[in-house]
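Geometric and topological summary
Chain by chain, the residues run as shown.
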Amino acid sequence: MGRIKITDTSLRDAHQSLWATRMTTDDMLPVLEDLDNIGYYSLEVWGGATFDVCIRYLHEDPWERLKIIREHVKKTKLQMLLRGQSLVGYSHYPDDAVIRFVEEAAESGIDIFRVFDALNDIRNLETCMKAIKKTGKHIQACVVYTISPVHSMQHFVDTALRLKDMGADSICIKDMAGLLAPYTSYELVKAFKEHLDLPIQLHTHYIGGLAIATLLKAVEAGVDVIDTASGPMAFGSSQPPVETIVRALQETEWDTGLDLHQLFEIATHFEQIRKHKGFERGVTRITDMKVFEHQVPGGMISNLYSQLEEQKASDRIDEVLEEIPKVREDLGYPPLVTPTSQVVGIQAVLNVLTGERYKMCPGEVKDYVKGLYGKPPAPIKEEIRKKIIGDEEVMNVRPADLLEPVWEKAKKEVGEIAESDRDVLTYILFPQVALKFFEYRKSRGTEDIPQISSKDEVGEEFKEKENKAVKQPVVKGKKRLPRRGDDEMNIDEIRELILLFDQTDISELEIQKDDCKLSLRKAGQERKKEALVNPVLPAAEALTDVKTSFSDNSEEEKPARGENNENVVEVTSPMVATFYRAPSPDSPPFVEIGDHVEAGQTLCILEAMKLMNEIKSEVSGTVIDILVENAEAVEYGQVLFLIEED
Ligand code: CO
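The present account deals with the structure reproduced in this document. (Residues numbered from 1 in each chain as written. Predicted model: local features only at pLDDT ≥ 70, side-chain atom pairs only at ≥ 80, totals over all residues. Heavy atoms only, no water.)

Let's shift gears to the coordination of the cobalt ion. Around the cobalt ion, the donor atoms from the protein are Asp13 (OD), His203 (NE2) and His205 (NE2), and they sit 2.0 to 2.1 Å away. What makes Asp13 buried here is its relative accessible area of 4%. (Donors = N, O, S within 2.8 Å, 3.2 Å for Na, K, Ca; no water. Buried < 20%, exposed > 50% of the residue type's maximum accessible area, 1.4 Å probe, protein only.)

See below:
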């Protein structure tokens, strides 16, 4: 026994769990030296979601951040969280990308690589562990903790033993959901200390409030290092507070030796950042405490909230939380940690939003079922597998064996705009976001600075346009946005107005703009379809046509002209998302106007909740219009395609 060492997570997990990872390098700078002087065992400062958020929302280069932190933190070891073969992304990357990423991270200043695989499938850690060994840095391999009928003490000890055989320098018990209860923690640490001759570290989350007791029992059982965060960034879905732990262990054989006064100075800085930026304090709501029921980890809860908010369905959080354990059971009890938390989370969200379980399954869920994430802890239910992938084959090899090397191809593809190998890695991880970021970086400092927009900012931009456009009736939850650059009332606007009109209870509407006057009056269901039959006509011609058809319908209530009109099917967006016409920026669109599509054929991709969802046609027919631009934000229920059914 002896002093307990502490890893501070304030610059990575704590703000990822509480502040949606939004702390900037500038926020960190004033306390980096102070953090270095505390005497922490290590500082977790990089990896996890920080990489993605840096380029996507903060317009920062994550590699640059690491370099800056390293310049200021000279004594304390820097630590990162690496998601095994998924690196800092959400799917598996080929071995060559994994090796290069590890090399660059080591060179940029990482001393300790904490690696884990969501499924505890150690095959997914082979490549990165070998690569880390080669750099001479510390491999801390995780045993991911969860509760299920298949996650026994034996399972955890076996996993740890195998990780030791693979070259782990220390083992981390990773309790990302705050599920580890104090007495189990004692038993687990004891078992690990008995079977393994390695340092043991414990990472847990506060959430339901067990964490302080859990850490103390682990200390009694002989744990070597524990994770905490600075007070203002602790509690809630984050780590327990360092100040409390330091005090609790004072004057015992495990005394951390850390100075409370110095810790409070750092806490004061983070509290100022928190207040200044309006970030949340770590709290435990009943929903959070229900983690004991639903097992949803900290980061995932705040993600689910914002995903549902994005989908304008935040009132359905309880249904989603109830659905999650069911999906988890269906899928063989994967621990809920990135990326499997996304897989289970989005499937639960879709099961709730679409009203039918497994009606819509994103590519990532299919990949999981096909074995492309690794081996699930328990077999996937047969009928569920059939529902998700049909008769498609399930893979039994190490998933990355199926991936082609990516480095040379990516390097060529990204071209001149990548200024370094680190940029190429950024591109491999998040191609579209990386390109936007590189463009932004390139033009920064010149006169013409493009506004790289977060999702919120895009919303604002559209709102402004909307105000300038014609008066529109507002339909709750189905806000329609005019296209950019539309100065005159054109066919698109008219069509949108008609759709809107159709969704309201308003029975008459008259709109005048410039020389155009549009009168709408409700008469029958045929109007909408009637208005949609000529979407590709030039504006003036179409306008006449629309007017004519309206007077036809409203006055005489004639049936729609021609049988074909009955067959126009609207393909709507089942979620708030970003619309993509092609699988990747340089490949041809899935469909063009005029194409014939079969039922089940992919029409587009909707990116929502960090996942790519293929939208398939439910009918066979001809695409008569595509109403959304590539890379445009779409709303729930927004019409994407019009298909004339065969
Ligand atoms: Co964590």
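Now that the structure has been shown, we can carry on.
Another aspect to go through is a negative patch on the surface. Together, Glu33, Asp34, Asp259 and Glu265 make up a region of like negative charge exposed at the surface. Inspection of the secondary structure puts Asp34 in helix α3 (residues 32-38). (Patch = residues over 30% accessible without salt bridge, like charges linked within 9 Å, V, L, I, M, F, W, Y side chains within 5 Å. Areas by Shrake-Rupley, 256 points an atom, 1.4 Å probe, with all protein chains shown as cover. Salt bridge = Lys/Arg side-chain N within 4 Å of Asp/Glu carboxyl O. Lys, Arg positive; Asp, Glu negative; His and termini not counted. Charge placed at Lys NZ, Arg CZ, Asp CG, Glu CD. Helix = DSSP H or I, 4+ residues; strand = E, 2+ residues; numbered from the N terminus.)

Each pocket or cavity is described by its volume, and for the second largest pocket that value is around 270 Å³. Around the second largest pocket, the lining is made up of 17 residues, and of these Lys375, Pro376, Pro379, Val394 and Asn396 lie nearest the centre. Secondary-structure elements contributing two or more residues to the lining of the second largest pocket are α18 (363-369) and α19 (382-389). Taken together, the residues that form the lining of the second largest pocket break down as 10 nonpolar, three polar and four charged. (1 Å grid on protein atoms, 1.4 Å probe; cavity = no way out; pocket = protein on both sides within 12 Å on 5 of 7 lines; lining within 4 Å. Points joined across faces, edges and corners; volume = space filled by probe spheres on them. Nonpolar A, V, L, I, M, F, W, Y, C, P; charged D, E, K, R; others polar.)

Per the counting criterion, the structure on display carries 15 aromatic pairs. When the centroid spacing of 5.8 Å and the interplanar angle of 85° are considered together, the rings of Phe51 and Trp63 count as edge-to-face. Within this pair, whereas Phe51 is found in helix α4 (residues 50-58), its partner Trp63 is found in helix α5 (residues 62-72), the two being separated by 12 residues in sequence. One exposure class covers both Phe51 and Trp63, and it is buried. On the basis of an interplanar angle of 55° and a centroid distance of 5.3 Å, the ring pair of Trp63 and Phe101 is categorised as tilted. Of this pair, Trp63 sits in helix α5 while Phe101 sits in helix α6 (residues 95-108), and the two are 38 residues apart along the sequence. Taken together, Trp46, Phe51, Trp63, Tyr90, Phe101 and Phe430 form an aromatic cluster joined through their ring pairs. A cation over an aromatic ring shows up here: Arg22 above the ring of Tyr57, its NZ or CZ 4.1 Å from the ring centre. Positioned above the aromatic ring of Trp407 is the side chain of Arg100, whose terminal nitrogen or guanidinium carbon lies 4.1 Å from the ring centre. (Phe/Tyr/Trp six-rings, centres within 6.5 Å; stacked < 30°, edge-to-face > 60°. Lys NZ or Arg CZ within 6 Å of the ring centre and 35° of its normal.)

This brings us to α19. If you check which residues of α19 are buried, you get Ile384, Arg385, Ile388 and Ile389. Burial along α19 is one-sided: seen end-on, the buried residues are contained in an arc of 100°. On its buried face, α19 sits against α16 (317-330) and α18. Immediately beyond the C-terminal end of α19, within one or two residues, lies Gly390, with a positive phi of roughly 65°. (Arc of directions from axis to C-beta. Contact = heavy atoms within 4.5 Å.)

Taken as a whole and assessed by the stated rule, the structure comprises 38 salt bridges. Here Arg56 makes a salt bridge to Asp52, at a shortest N to O gap of 2.8 Å. Of this pair, Arg56 and Asp52 both sit in helix α4, four residues apart, roughly one helical turn. Of the residues examined, Arg56 reaches a relative accessible area of 18% and is grouped as buried. What makes Asp52 buried here is its relative accessible area of 2%. Across the salt bridge formed by Glu271 and Arg274, the nearest N and O atoms sit 3.0 Å from each other. Placement of the pair is Glu271 and Arg274 together in helix α12 (residues 260-277), with a separation of three residues, close to one helical turn. Both residues of the pair, Glu271 and Arg274, count as buried. Connected through shared salt-bridge partners, Glu323, Glu329, Asp330, Arg357 and Lys381 make up one network.

This part is about empty space enclosed by the protein. Evaluated as defined, the whole model comprises two cavities of 30 Å³ or more. Space inside the largest cavity adds up to approximately 50 Å³. For the largest cavity, the full set of lining residues is Arg83, Gln85, Ser86, His92, Phe116, Asp117, Ala118, Leu119, Thr338, Pro339, Thr340 and Tyr373. In terms of residue class, the lining of the largest cavity is built from five nonpolar, five polar and two charged.

When strand β1 (residues 5-8) meets strand β8 (residues 225-228), the two strands line up parallel, connected through four bridges. Looking across to β8, one finds that Ile6 is bridged to Ile226. With two bridges connecting them, β1 and strand β2 (residues 42-47) associate as parallel partners. Residue pairing for β2: Thr7 is matched across the bridge by Ser42. (Pairing = 2+ DSSP bridges.)

Before going further, it helps to examine the sheet that holds β1. Pairing is parallel in the closed barrel, where eight strands are placed in the order β1-β2-β3-β4-β5-β6-β7-β8. The sheet shows a mean angle of 30° between the axes of neighbouring strands, direction not considered. (Axes fitted to C-alpha atoms, helices over the stretch in contact; angles between N-to-C directions.)

Next up on the list: the nonpolar core. A general trend in soluble globular proteins is that nonpolar side chains are found buried together. Formed by 106 residues in total, the largest nonpolar core has its most connected members in Trp46, Phe101, Val115, Ile171 and Phe192. For this core, the element with the highest residue contribution is α6, accounting for six residues. Setting aside residues no more than four positions away along its own chain, Val115 makes contact with Leu82, Leu125, Cys128, Met129, Ile132, Ile139, Gln140, Ala141 and Cys142. (Core = buried A, V, L, I, M, F, W, Y, C linked by side-chain atoms within 4.5 Å.)

Relative to the helices and strands, Glu592 resides in the loop between β12 (577-580) and β13 (596-597). The exposure class assigned to Glu592 is partly exposed, which follows from its relative accessible area of 38%. In this structure, the C-alpha to C-alpha distance between Glu592 and Leu603, residues 11 residues apart in sequence, is 9.2 Å. What Glu592 contacts, discounting residues up to four positions off in sequence, is Arg581, Val623 and Ile626.

Helix length check: helix α17 (residues 340-354) (15 residues) gives 21 Å between terminal C-alpha atoms against 21 Å at 1.5 Å per residue, within 8%. Of all 15 residues making up α17, 14 are buried, and the element is well covered by its neighbours. Count one or two residues on from α17 and you reach Gly355, which has phi positive near 80°. (Expected span 1.5 Å × (residues − 1).)

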